[in-house]
Amino acid sequence: MSLPQQSKKYMPDNLQLDDSGSIQYQPLLTKIILQAPKSINDLDIDILLVENLIIKHIHHNRYLSFHEICQQVGLCGPICESIIEILREKQIVESTLDAMGGRVFRLTKKGITNAAEIRERCTYLGPAPISIKQYSQLVKQQKKIFTKDSLQNITSHLLSLDLESDVIESIGPGIISRRPLLIYGAAGTGKSYLCKAIAGILGDTCDIPYAIAVGRSILPLYNPTIHKQESSKNSSDEILLNQLKDRRLIRIKRPVIIVGGELELSAFEVRRDSETEQFHAPLQVLANSGVLVIDDLGRQKISVEQIFNRWILPLEEQEDNFSMGQNGQKFTIPLDMQLVFSTNLNPSDIADPAFLRRIGYKIRLGDLSEQQFKAIYRKEMSKIAIDFDPDIEDLLVKKLYPNYGMRMRATHPRDLLRIAQDYAQFSECDSRVQIKHMIKAWKSYFMTDAE
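Residues numbered from 1 in each chain as written. Predicted model: local features only at pLDDT ≥ 70, side-chain atom pairs only at ≥ 80, totals over all residues. Heavy atoms only, no water.

## Section: the pattern of salt bridges
Where charged atoms of side chains with opposite charge meet at close range, the side chains can pair. Throughout the structure, instances matching the rule amount to 18 salt bridges. Between Glu 380 and Lys 383 there is a salt bridge, and its shortest N-O distance comes to 3.5 Å. Of this pair, Glu 380 and Lys 383 are both found in helix 15 (residues 370-383), three residues apart, which corresponds to roughly one turn of the helix. Note on Glu 380: relative accessible area 9%, which makes it buried. A salt bridge links Asp 415 to Arg 414, with the shortest nitrogen-to-oxygen separation between them at 3.0 Å. Classification of Arg 414 by relative accessible area gives partly exposed; the value is 30%. Look at the salt bridges and you will find they share partners, linking Glu 269, Arg 310 and Asp 320 into a network. (Salt bridge = Lys/Arg side-chain N within 4 Å of Asp/Glu carboxyl O. Helix = DSSP H or I, 4+ residues; strand = E, 2+ residues; numbered from the N terminus. Buried < 20%, exposed > 50% of the residue type's maximum accessible area, 1.4 Å probe, protein only.)

Following this line, the structure appears as structure tokens:
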């Protein structure tokens with residue numbers, strides 16, 4: 001397998017291209033272990049942020065034991081002990097006994113007043129943030145690693161999608177190089193399906209921080225509606241790793257974000273909620289180490305030119321610049337994600353040729369061959385537990401499609417089978433699809449008078 005020479009600058013550290021363009025593999029000798037900070041100096045953030053977090057956590061819970069404070073902010077005992085001592089000296093926190101006689105910490109009157117003021121400025125309540133420098137290192141360390149086996153898995157995965165060979169030959173190098181992809185074609189050709197499949201190809205997991213510290217501001221990053229936490233395997237190695245890793249991080253499946261016509265340009269910038277005063281991370285930061293799909297390109301309220309202009313420099317530099325509000329601190333974050341544009345419009349009609357050249361791989365999805373249609377049709381049958389009936393397949397392939405001049409497209413098998421199954425369940429109280437059900441499905445789907 002070989003890649004274009006232009007992909008060289010985008011290659012992961014363990015892959016190199018020789019003069020012929022062939023991939024040379026470098027074995028990975030060590031596994032990255034993210035160790036927890038052991039002292040205040042290791043935090044690399046303004047200590048006031050941690051002081052304020054502990055104040056908010058105690059205020060939220062009324063009382064917290066020392067162990068609970070460590071758990072809430074995700075920091076080790078020596079660090080929390082030092083900060084609690086600072087808060088005690090400031091007469092913000094005091095210790096007392098709970099009903100069971102255990103030592104707990106609560107806020108003083110001064111601390112309660114401070115807590116209210118702190119919450120007005122920032123409502124974030126979670127583990128302590130990591131610094132931008134630490135986050136940048138984390139992103140770079142967790143670049144997707146491609147080995148011989150994983151490259152073979154990519155090829156196998158793409159082959160299982162029943163794609164044309166030229167499509168596979170473009171997607172594979174695009175994924176490895178992390179250069180952006182533009183997938184285009186008529187409606188129903190399977191663009192959205194392919195975008196989701198690309199996310200599945202990347203697979204595995206990564207660590208992200210719950211939040212990032214930008215000066216004296218906190219930018220929350222972990223979003224449970226987007227980031228799916230990876231469950232622990234509870235093996236001895238996993239337990240040891242969890243003991244060593246930074247508890248300000250959470251292990252997730254590599255994120256996949258798909259946005260469509262609702263996309264606004266502000267989604268690519270840091271935003272601040274006027275009610276909660278909490279900052280919100282941009283889409284590309286939320287999707288970092290994963291996949292960001294901009295679907296239905298050309299259907300947004302903003303122009304394609306605006307979207308592309310926003311992405312020209314980040315694509316070139318593989319990093320993006322942000323600001324915490326209009327007068328806030330500016331900062332830079334490295335980007336390591338697979339960016340995918342998808343449209344059913346002609347790319348030359350919606351984008352400047354100069355920008356299209358910046359997109360490394362442009363992939364057109366067209367109509368299916370009979371063989372491809374049958375392969376997808378049978379897979380979809382298996383997914384929704386419909387028994388295979390060769391007569392129904394022949395009805396579609398040999399009669400309905402040619403008689404009505406319809407082009408076979410990737411989404412048709414799934415849609416037709418599910419509609420036919422609905423007719424079967426409604427009329428027969430059974431999920432077994434018969435020819436009459438498929439004919440009804442065809443009529444409904446294509447608005448024809450099939451017989």
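## Focus on the confidence of the model for the chain
Predicted coordinates in regions of low pLDDT should not be interpreted in detail. Per-residue confidence for the chain averages 85 on the pLDDT scale, and 89% of its residues sit at or above 70. Here residues 1-33 scores under 50 on pLDDT; set against residues more than four positions off or in separate chains, the count is 67 contacts. (pLDDT = per-residue confidence, 0-100. Contact = heavy atoms within 4.5 Å.)

## A word on the environment of Gly 190
Summarising the element assignment, Gly 190 is placed in the loop between strand 6 (181-184) and helix 9 (191-202). Separated by 176 residues in the primary sequence, Gly 190 and Gly 366 have C-alpha atoms spaced 8.9 Å apart.

## Here's the deal with the sheet that holds strand 8 (residues 211-214)
Strand order in this open sheet of three strands is 5-8-9, and the pairing throughout is mixed. In this open sheet, the two edge strands, each paired with only one partner strand, are strand 5 (130-131) and strand 9 (217-220). Looking at chain direction, strand 8 and strand 9 are connected through four bridges and run antiparallel. Following the sheet pairing, Val 214 is matched in strand 9 by Ser 217. (Pairing = 2+ DSSP bridges.)

## Considering the packing of helix 2 (residues 47-61) against helix 4 (residues 77-89)
The relative placement of two packed helices is expressed as an angle between their axes plus a distance between the axes. Running from amino to carboxyl end, helix 2 crosses helix 4 at an angle of 75°, the nearest separation of the two axes being 10 Å. It follows from the interaxial angle that helix 2 and helix 4 lie roughly perpendicular. Facing Ile 47, Val 50, Glu 51, Ile 54 and Ile 55 of helix 2, the residues of helix 4 in contact are Ile 83, Ile 86 and Leu 87. When grouped by side-chain class, the residues that make up the contact of helix 2 with helix 4 number seven nonpolar, no polar and one charged. (Axes fitted to C-alpha atoms, helices over the stretch in contact; angles between N-to-C directions. Parallel < 35°, antiparallel > 145°, perpendicular 65-115°, else oblique. Nonpolar A, V, L, I, M, F, W, Y, C, P; charged D, E, K, R; others polar.)

## Considering the pairing of strand 18 (residues 361-364)
Residue alternation in strand 18 divides its side chains into a buried set, Tyr 361 and Ile 363, and an unburied set, Lys 362 and Arg 364. As paired elements, strand 6 and strand 18 share four bridges and run parallel to each other. When the bridges of strand 18 are listed, Tyr 184 appears paired with Arg 364.

## Concerning the sheet that holds strand 14 (residues 291-294)
The strands that make up a sheet pair up through hydrogen bonds in the backbone, lying either parallel or antiparallel. One open sheet holds the five strands; their spatial order is 11-14-17-6-18, and the pairing between them is parallel. Looking at the sheet topology across the chains shown, the edges are occupied by strand 11 (256-259) and strand 18. Across the sheet, the mean angle separating the axes of adjacent strands is 15° when strand polarity is ignored. Strand direction decides the pairing type here: strand 14 and strand 17 (residues 338-343), joined by four bridges, are parallel. Bridging from a neighbouring strand, Val 291 pairs with Gln 338 of strand 17. Relative to the sheet, helix 9 contacts strand 6, strand 11, strand 14 and strand 17, its axis offset from that of strand 17 by approximately 170°.

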